[in-house]
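Secondary and tertiary structure notes
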Protein chains: 2
Amino acid sequence: MFRVAILGYGNIGRAAEEAVKAAPDMELAGVFHHNDCLDCMAADVALVCTPTREVQKFATVLAARGICTVDSFDIHGQIWNLRSAMDAVCKANQAVSVISAGWDPGSDSMVRAILLALAPKGLTYTNFGPGRSMGHTVAAKAIKGVKNALSMTIPLGTGIHRRMVYIELEDGADFKTVESAILADDYFAHDETHVIAVESVDALNNVAHGVNLVRNGVSGETHNQRFEFNMAINNPALTGQMMVSCARAAMRLKERGEFGAKTMIELAPIDLLPGNTESLVKALV
Amino acid sequence: MFRVAILGYGNIGRAAEEAVKAAPDMELAGVFHHNDCLDCMAADVALVCTPTREVQKFATVLAARGICTVDSFDIHGQIWNLRSAMDAVCKANQAVSVISAGWDPGSDSMVRAILLALAPKGLTYTNFGPGRSMGHTVAAKAIKGVKNALSMTIPLGTGIHRRMVYIELEDGADFKTVESAILADDYFAHDETHVIAVESVDALNNVAHGVNLVRNGVSGETHNQRFEFNMAINNPALTGQMMVSCARAAMRLKERGEFGAKTMIELAPIDLLPGNTESLVKALV
């Protein structure tokens, strides 16, 4: 049994708590507000369930004290920088950090890597949704003048998406000013984005999400190799569960002395699962 | 650049040759008949493309001389035994063997492991085909009295399959005797199997295959998490390509001093791919 702490108690923190309690090889060391970050030191692994932009600060504090961490950092363009920074801290303190754990980045990244190994030439398209993007929703909520927000991701095919951002304004906030700030945010600046003021975001809220990941590629000299991966899921439940599975992988790596930071494509799938190698190979291979 | 030898030159050996030639980080050390097994010793890795039941003999000879091997051994119930035997030989001789590389066992095994990490409770069904099973076709061809054979796998849902075995008889062979021998073979004994005599197997032959792998499971306490992985592919091309991708993983493991035998669920997806960690993380995560 290893001890898992949860730092931050939003949608993902709550889902992660359920997943820790359901895991046969873990016990919950506690759920902590990020102000009480150092209380996680009674644990073997801390799940950093804070907003993405605060992940590095807290993960660094913990890893510097030798505590393994798992986060679901989801700004794709900044993942390598986070990995580099955490890798140095972890190696200096004999810790392991699994970064960007979840489904995308996360399990989708693993699937993309496997499809590339199966058919090295060709195109992969990751089509998200329709569904509520947690990262985009948090980003919209952080804009000045926004009282509550919901960002829906709408797949337009070939990896192109529309963002439908539903917002409740703070009293006195100007819609056009808020809309401009959302459209200028790095989360939204690269996609077709529509901002819509509504009376109640809560009335629209639904954490369902999904993906349709397709590749048509070439194996050796053979064209027209077709692959498709689909999910229709509760988003925070899936993210929290995968963070918990990655906590197990972090412990396995630490036990083997493989310190440092890893993204999910750097993990062997078997390390995500409870049980010994023999039983897992017999059940899954 | 590392040097890859191919042992055996059937459907998979030919496909593997194309994949080696297309790989940016490999060169072909030669294609050898299994009688010339020791000629593979000029290579860093040997792809053992012999019939499944001869894999262990040749892989053992090579690993005992420190040559890494990759095979596509596909008798699911005997994979753990092969892994145990090869693991000992490899560890004693500083080699790495990736066993049961391909798509099932292989990439499907990785997908099953990832889905279990995403939703630990629930049911996964692997539905194959319709398509030509290479393992079953080879097994049928090996039956006395069979001149040529084609074994088609027909999915019946929930992981249940029908085997349609088309055979050309040798002159003077008795159909009923041959049929009984096929039905008694371990490859066929567990499924509904129909044996049909035809004039020309060649007229039916087509190496298309596919899979529909589905899971409906529970993440934490959240039910109804739905996943689906589909492929429609040229079977030997995909198998040969994945063996080549696993040759790369074998070299990476050897470079890191991680000697022994591994199934694909024990490999990190990144090790299947050419390129450095930074470029792959940036492209895929």
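Quantities reported herein were computed from a predicted structural model and do not represent experimental measurements. (Residues numbered from 1 in each chain as written. Chains lettered and ligands numbered in written order. Predicted model: local features only at pLDDT ≥ 70, side-chain atom pairs only at ≥ 80, totals over all residues. Heavy atoms only, no water.)

**As for unusual backbone geometry**
Residues and elements named next belong to chain A. Residue Asp104 is joined to Pro105 through a cis peptide bond whose omega torsion reads 0°. One can find Pro105 in the loop between strand S5 (96–98) and helix H4 (107–118). Cis peptide bonds are those with omega within 30 degrees of zero, and the linkage from Gly129 to Pro130 qualifies with 0°. Relative to the helices and strands, Pro130 is located in the loop between strand S6 (121–128) and strand S7 (131–132). For Gln94, which is not glycine, the phi torsion reads 50° and is therefore positive. Note on placement: Gln94 falls in the loop between helix H3 (79–92) and S5. (Helix = DSSP H or I, 4+ residues; strand = E, 2+ residues; numbered from the N terminus.)

**Quick word on H3(A)**
Look at H3(A): 20 Å from first C-alpha to last across 14 residues, which is about the 20 Å you get at 1.5 Å a residue. All of the buried residues in H3(A) are Ile79(A), Trp80(A), Leu82(A), Arg83(A), Met86(A), Asp87(A), Val89(A) and Cys90(A). Looking at the packing, one finds that the buried side of H3(A) touches helix H2 (55–63), strand S4 (68–71), S5 and strand S13 (260–262) of chain A together with helix H8 (277–284) of chain B. Of the residues flanking the end of H3(A), it is Gln94(A), one or two places downstream, whose phi is positive at about 50°. (Expected span 1.5 Å × (residues − 1). Buried < 20%, exposed > 50% of the residue type's maximum accessible area, 1.4 Å probe, protein only. Contact = heavy atoms within 4.5 Å.)

**Description of the environment of Arg162(A)**
Residues and elements named next belong to chain A. Structurally, the position occupied by Arg162 is in strand S9 (residues 161–169). Judged by relative accessible area, which is 27%, Arg162 ranks as partly exposed. Sequence separation between Arg162 and Thr222 is 60 residues, and the spatial gap between their C-alpha atoms is 34 Å. A polar contact of 2.8 Å, which involves the side chain of Arg162, links it to the side chain of Glu192. (Polar contact = N/O pair within 3.5 Å; in protein donor to acceptor, adjacent residues only side chain to side chain.)

**Points about the environment of Leu284(A)**
Relative to the assigned elements, Leu284(A) resides in helix H8 (residues 277–284). Taking C-alpha positions, Leu284(A) is 46 Å from Ile143(A), a pair spaced 141 residues apart along the chain. Setting aside its immediate chain neighbours within four residues, Leu284(A) contacts Leu273(A), Ser109(B), Arg112(B), Ala113(B), Leu116(B) and Ile265(B).

**What to know about the sheet that holds S5(A)**
All names here are of chain A. The sheet built from six strands is open, its strands ordered S2-S1-S3-S4-S5-S13 with parallel pairing. At either margin of the open sheet sits one strand with a lone partner, and together these are strand S2 (26–32) and S13. Across this sheet, the average inter-strand angle for adjacent strands is 20°, counted without regard to direction. Taken together, the four bridges between strand S3 (residues 45–48) and S4 define a ladder with parallel strand orientation. (Pairing = 2+ DSSP bridges. Axes fitted to C-alpha atoms, helices over the stretch in contact; angles between N-to-C directions.)

**Some details on the relation of the copies chain B and chain A**
If you rotate chain B by 180° and push it 0.0 Å along the axis, it lands on chain A with an RMSD of 0.0 Å. What the rotation and shift describe, once combined, is the action of a two-fold rotation axis. Most of the interface of chain B is mirrored in chain A: 100% of its interface residues are interface residues there too. (Least-squares fit on C-alpha atoms with pLDDT ≥ 70 in both.)

**Describing the packing of helix H2 (residues 55–63) of chain B against helix H3 (residues 79–93) of chain B**
Residue and element names in this part refer to chain B. At a minimum axis separation of 9 Å, H2 and H3 run at an interaxial angle of 15°. The pairing of H2 with H3 is recorded here as roughly parallel in orientation. By crossing handedness, the relation of H2 to H3 is classed as right-handed. Packed against H2, whose contacting residues are Val55, Gln56, Ala59, Thr60 and Ala63, the element H3 presents Leu82, Ala85, Met86, Val89, Cys90 and Asn93 at the interface. (Parallel < 35°, antiparallel > 145°, perpendicular 65-115°, else oblique. Left-handed = near helix turned anticlockwise from the far one by under 90°.)

**Thoughts on the packing of H4(A) against helix H7 (residues 235–255) of chain B**
A pair of packed helices is captured by two measures, namely the crossing angle of their axes and the spacing between those axes. Interhelical geometry of H4(A) versus H7(B) gives an angle of 110° and a closest axis separation of 8 Å. Considering their axes alone, H4(A) and H7(B) lie roughly perpendicular with respect to each other. Listed contacts from H7(B) to Ile114(A), Ala117(A) and Leu118(A) of H4(A) are Leu238(B), Gln241(B), Met242(B) and Ser245(B). Tallied by class, residues from the contact of H4(A) with H7(B) come to five nonpolar, two polar and no charged. (Nonpolar A, V, L, I, M, F, W, Y, C, P; charged D, E, K, R; others polar.)

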